[in-house]
Amino acid sequence: MRTVEELPGPAPAPLVGNALQFRRDRLAFLTMCAQEHGDAVAFRVGPAALVLLSHPEAVRELLTVKQHEVTKGPVLQRARVMLGDGLLTSEGEAHRHDRRLLQTAFSRQRVARYAHEMLDVAADRTASWAPGRALDLHAETVRTTLTVAGRTLFGTRLDDDVALVSGALRDVLSAYGLLTLPMAGVLLRLPPGRRRVRRGTAALDTLTARLVAERAEHPGTGDDLLSVLLEGTDRRHARDQVVTMLLAGHETTANALAFAGHLLATHPSVQDRVAAEVLEVCGVGGQPSVEDLERLPLTRATLSEALRLYPPSWAMGRQAQVPTQVGDVEVPAGTVLLASQWVVHRDPRWWPEPDSFDPGRFLPPAPDRPRFAFFPFGGGTRQCIGAAFAWTEGVLTLATILARWRLGDVPARRLTLDPLLTLRPRDGVWVLPEPRVAA
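Here the structure is a predicted model, which means the values were calculated and not measured.

Caption draft 1: Just the overall build of the protein, in detail. Assigned secondary structure in the protein consists of 18 helices and 13 strands. In terms of overall dimensions, the protein is globule-like: its C-alpha atoms have a radius of gyration of 22 Å, near the 22 Å expected for 439 residues. Structurally, the protein occupies a C-alpha span of about 65 × 55 × 40 Å along its principal axes. In the protein, which comprises 439 residues, the proportion classed as buried is 57%. As displayed, the protein has an accessible area near 18400 Å², and 54% of this comes from carbon and sulfur atoms. Charged side chains of the protein number 51 positive and 49 negative; the gap between the two group centres comes to 5 Å.

Caption draft 2: Inspection of the pairing of strand β3 (residues 48–53) at higher detail. Burial within β3 is extensive, with five of its six residues counted as buried. Summarising the sheet, β3 and strand β9 (residues 336–339) pair through four bridges and their orientation is parallel. Within β9, the position partnered with Val51 by the bridge is Leu337.

Caption draft 3: Representation of the packing of aromatic side chains in the model. What the rule picks out here adds up to 12 aromatic pairs. Ring pairing ties together the aromatic residues Phe22, Phe29 and Phe43, which thus form one cluster. Positioned above the aromatic ring of Trp391 is the side chain of Arg300, whose terminal nitrogen or guanidinium carbon lies 4.0 Å from the ring centre. The lysine or arginine in question, Arg371, covers the ring of Phe372, its NZ or CZ lying 4.3 Å from the ring centre.

Caption draft 4: Quick look at the sheet that holds strand β1 (residues 2–3). One open sheet accounts for three strands, arranged β1-β8-β7; its pairing is mixed. The sheet is open, and its two edges are formed by β1 and β7 (324–326), each paired on a single side. In this structure, β7 lies alongside strand β8 (residues 329–331), joined through three bridges in antiparallel fashion. Considered in β8, the bridge of Val326 is made with Val329.

Caption draft 5: Focus on the sheet that holds strand β6 (residues 316–320). Spatial ordering of the open sheet is given by β2-β3-β9-β6-β4, a layout of five strands whose pairing is mixed. Each end of this open sheet is capped by a strand with a single partner; those strands are β2 (40–45) and β4 (70–72). Within this sheet the neighbouring strands show an average axis-to-axis angle of 30°, counted without direction. Relative to β3, β2 is paired through six bridges, and the arrangement is antiparallel. Counterpart to Phe43 in the pairing with β3 is Leu50. Against the sheet, helix α2 (residues 26–37) touches β2, β3 and β9, its axis set at about 140° to β2.

Caption draft 6: Structural context of the pattern of salt bridges. Summed over all chains, the structure comprises 24 salt bridges. In this structure, Glu91 engages Arg382 in a salt bridge whose closest nitrogen and oxygen atoms are separated by 3.1 Å. Here Arg382 lies in the loop between α17 (341–344) and α18 (387–404) and Glu91 lies in the loop between α5 (80–83) and α6 (92–103), a separation of 291 residues in the sequence. Of the residues examined, Glu91 reaches a relative accessible area of 22% and is grouped as partly exposed.

Caption draft 7: Structural view of the packing of helix α9 (residues 162–173) against helix α14 (residues 235–266). Interaxial distance between α9 and α14 falls to 12 Å at its minimum, and their mutual angle equals 105°. On the basis of their axis angle, the class for α9 and α14 is roughly perpendicular. Packed against α9, whose contacting residues are Val165, Leu169 and Leu173, the element α14 presents Leu246, Leu247, His250 and Glu251 at the interface. A class-by-class count of the residues in the contact of α9 with α14 yields five nonpolar, one polar and one charged.

Caption draft 8: Spotlight on a nonpolar patch on the surface. On the surface, a nonpolar cluster with roughly 320 Å² of combined accessible area is contributed by Leu15, Val16 and Leu20. Looking at where Leu15 falls in the secondary structure, it is placed in the loop between β1 and α1 (19–24). By relative accessible area, Leu15 is classed as exposed at 81%.

Criteria and thresholds
- Residues numbered from 1 in each chain as written.
- Predicted model: local features only at pLDDT ≥ 70, side-chain atom pairs only at ≥ 80, totals over all residues.
- Heavy atoms only, no water.
- Helix = DSSP H or I, 4+ residues; strand = E, 2+ residues; numbered from the N terminus.
- Rg over C-alpha atoms; globule rule 2.2 N^0.38 Å.
- Buried < 20%, exposed > 50% of the residue type's maximum accessible area, 1.4 Å probe, protein only.
- Areas by Shrake-Rupley, 256 points an atom, 1.4 Å probe, with all protein chains shown as cover.
- Lys, Arg positive; Asp, Glu negative; His and termini not counted.
- Charge placed at Lys NZ, Arg CZ, Asp CG, Glu CD.
- Pairing = 2+ DSSP bridges.
- Phe/Tyr/Trp six-rings, centres within 6.5 Å; stacked < 30°, edge-to-face > 60°.
- Lys NZ or Arg CZ within 6 Å of the ring centre and 35° of its normal.
- Axes fitted to C-alpha atoms, helices over the stretch in contact; angles between N-to-C directions.
- Contact = heavy atoms within 4.5 Å.
- Salt bridge = Lys/Arg side-chain N within 4 Å of Asp/Glu carboxyl O.
- Parallel < 35°, antiparallel > 145°, perpendicular 65-115°, else oblique.
- Nonpolar A, V, L, I, M, F, W, Y, C, P; charged D, E, K, R; others polar.
- Patch = residues over 30% accessible without salt bridge, like charges linked within 9 Å, V, L, I, M, F, W, Y side chains within 5 Å.

Laid out in structure tokens, this is it:
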């Protein structure tokens, strides 16, 4: 058994610990910690002790066995000032109540009904692309998934609010760097961070107030998420859940789709194989249906590989509420434990040639790897409630794109990653679409 003080790790600087290294390049820092110091690594951000757990068994234990002994990490706790007490930030009985309340909106039967809207939106959006003109695929997938979220989860059209929501989320997500630092509460009250956070929060408040008011005035069918919220909670709490779903319900799927498009554009031979599967199902320019999901295993595997290489949820933090033990580490109360999808998903023990793009990893026969070597949606009772929604939307949207377009690379516009609350592209994902033609 080891104590946190006995764990290996990078040498901390006086006062700030490893905060500057982490802030400079979060992904590279966590990768270095695991590669150089092993499966349990201690480092410091200011006075706070953090432990990075990189073995799938320790991740499983943290997210499932020990889930009632830990809460969300400090970053999400501090994010309450922007996100409120939605499903992403709530704890204990409040979280269990909210999850039960929202579960009906994400049932398998409901998601199958949502699929028709997903397909219609994807078809409309891709029909507007201009052949041979470079486009920002991330901007397109954001517009697509936000429109879908509006129609399915909120029973309204957000088509004209894309710029507002995108700008607001960009402002809110920009606070991530401050949220990771000691005295984050003080720093968020100082300009310019304060101005961006307030601007983003105010824009989201205005939008959610409008959605809630519209639904209260026009109940509609009463079976969408917003109707469920208004029946089961007050308007302020409904606001917090809507903001959370705007972030989790479209941002992460949009990012995953954009990264998948980037990988296919830069690996044309893989794209040809995936497109061949899609064309066999629905033909050139055709459209898949929800019944075709089982007939698109390589398309789903491609999305899985994108989630492995570029996980929108790139690290998960938990804070021990009582003294506990994870693996062979004694963990004092208050210690922050990290499990990083970015690190575990690229571990060569579970993923040979981990930096290469190979959707075949997710096709039968499946290799014998630990369950939590791949955990893009988390695990335990806090696993993403919308996982089935995301898989359905992701596979159907990707298939719709490939049935109509061949995605080319734009070498002048390289992918740059921005690991904030989600892993997103900093300057877009640029591709060159060319129409597919019948053989």
